[in-house]
Amino acid sequence: MPGVYGVPEQWPHVAALYRGAGFSHTGHTEVVYLARVEDLPSPGRNPDPPLDGLAVSRSVGINGCRLSAVLAEEVIGYIETEVLDHPERLSRHGGWADVGNLHIAPGYRRRGVGSWLLGHAAGWLRLAGANRLLNYAWLEGTDPGGLNYDDYRAFLSAMGFRELTRTERGWTRE
């Protein structure tokens, strides 16, 4: 299943099998979100950047197409998306895409840069024929990079993402 990297809450039988085999959940719980691309912001609806001089540039990222927010030659944020319409995937997931990264520099958060970038990404996804977009956020705690996901979960909800499932990631066995 695209977007499920761990044991989702809908599979308690799998979690029971893991526990029965001596595994324990030692990682984090991740919330998987889903949005219809048509419901996301669109650069056509709000073409003006949130900051004077802000521009978008497109390049190849480590997780797909990268759209960067550039202000005075400084990258202040970026989003990477990947269309999951690969031949080895099941056809029922055609048109799905995945957010690999969405990062806004701390000094530019809560200024509209994230929603502006998401709008540009949604425009590219529409051109690619994607109609669903997955995104992810930790349920609790802080990731190894020091990011607390409380604000990110609120951002995703405000942008039209809905919770799809929760997955327990990081199972270990002594």
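Residues numbered from 1 in each chain as written. Predicted model: local features only at pLDDT ≥ 70, side-chain atom pairs only at ≥ 80, totals over all residues. Heavy atoms only, no water.

**Let's talk about the packing of aromatic side chains**
Under the definition given, this model contains 6 aromatic pairs. Judged by centre distance (6.1 Å) and plane angle (20°), the rings of Tyr152 and Phe155 are stacked. One end of the pair, Tyr152, and the other, Phe155, are both in helix α3 (residues 150-158), 3 residues apart, so they sit about a helical turn from each other. Judged by relative accessible area, Tyr152 falls into the buried class, the value being 14%. Taken together, Trp138, Tyr149, Tyr152 and Phe155 form an aromatic cluster joined through their ring pairs. It is Arg66 that lies over the ring of Tyr78; its NZ or CZ is 3.8 Å from the centre. (Phe/Tyr/Trp six-rings, centres within 6.5 Å; stacked < 30°, edge-to-face > 60°. Helix = DSSP H or I, 4+ residues; strand = E, 2+ residues; numbered from the N terminus. Buried < 20%, exposed > 50% of the residue type's maximum accessible area, 1.4 Å probe, protein only. Lys NZ or Arg CZ within 6 Å of the ring centre and 35° of its normal.)

**Remarks on α3**
For α3, the complete set of buried residues consists of Tyr152, Arg153 and Leu156. For α3, the angular spread of buried residues about the axis comes to 100°, placing them on one side. Buried-residue contacts for α3 involve β3 (29-36), β7 (96-104) and β8 (132-138). Positive backbone phi, approximately 105°, marks Gly160, located one or two places after α3. (Arc of directions from axis to C-beta. Contact = heavy atoms within 4.5 Å.)

**Things to note about the sheet that holds β3**
The 8 strands lie next to each other as β1-β9-β3-β8-β7-β6-β5-β4, forming an open sheet whose pairing is mixed. The two strands at the open ends of the sheet, each matched to only one other strand, are β1 (7-8) and β4 (54-61). In the packing of helix α2 (residues 113-127) onto the sheet, contacts are made with β4, β5 (64-71), β6 (74-83), β7 and β8, and the angle to β6 comes to roughly 35°. (Pairing = 2+ DSSP bridges. Axes fitted to C-alpha atoms, helices over the stretch in contact; angles between N-to-C directions.)

**Thoughts on the nonpolar core**
Counting 34 residues, the largest nonpolar core has Val113, Leu133 and Phe161 as its most contacted members. Aside from chain neighbours lying at most four places away, what touches Phe161 is Tyr33, Leu34, Ala35, Leu40, Leu118, Leu133, Leu134, Asn135 and Leu156. (Core = buried A, V, L, I, M, F, W, Y, C linked by side-chain atoms within 4.5 Å.)

**Observations regarding the pairing of strand β9 (residues 162-168)**
Pairing of β1 with β9, which is carried by 2 bridges, proceeds in the antiparallel orientation. In the strand pairing of β9, Val7 is matched with Glu168. Inspection of the sheet shows β3 paired to β9 by 6 bridges, in the antiparallel sense. Counted as the bridge partner of Tyr33 is Glu163 from β9.

**Quick notes on the pairing of β4**
Pairing of β4 with β5, which is carried by 8 bridges, proceeds in the antiparallel orientation. Considered in β5, the bridge of Leu54 is made with Leu71. With antiparallel pairing between neighbouring strands as the criterion, β4 and β5 make up a hairpin whose turn holds 2 residues.

**Some words on the layout of surface pockets**
Space inside the largest pocket adds up to approximately 920 Å³. Along the wall of the largest pocket there are 34 residues; nearest its centre are Leu102, His103, Leu147, Tyr149 and Tyr152. Among the secondary structure elements, those contributing two or more residues to the lining of the largest pocket are β7, α2, β8 and α3. No other element matches the 7 residues that β7 contributes to the lining of the largest pocket. (1 Å grid on protein atoms, 1.4 Å probe; cavity = no way out; pocket = protein on both sides within 12 Å on 5 of 7 lines; lining within 4 Å. Points joined across faces, edges and corners; volume = space filled by probe spheres on them.)

**Digging into the pattern of salt bridges**
Taken as a whole and assessed by the stated rule, the structure comprises 8 salt bridges. Between Arg36 and Asp39 there is a salt bridge; the shortest N-O distance is 2.8 Å. With a relative accessible area of 32%, Arg36 lands in the partly exposed category. Among the ionic pairs, Asp150 bridges to Arg153, the shortest N-O distance being 2.7 Å. One end of the pair is Asp150 and the other is Arg153, both in helix α3 and 3 residues apart, which spans about a single turn. The exposure class of Asp150 is partly exposed, given its relative accessible area of 44%. With a relative accessible area of 18%, Arg153 lands in the buried category. Overlapping salt bridges, with partners in common, bring together Arg36, Glu38 and Asp39 in one network. (Salt bridge = Lys/Arg side-chain N within 4 Å of Asp/Glu carboxyl O.)

None of the figures reported here should be taken as evidence of function without further support.
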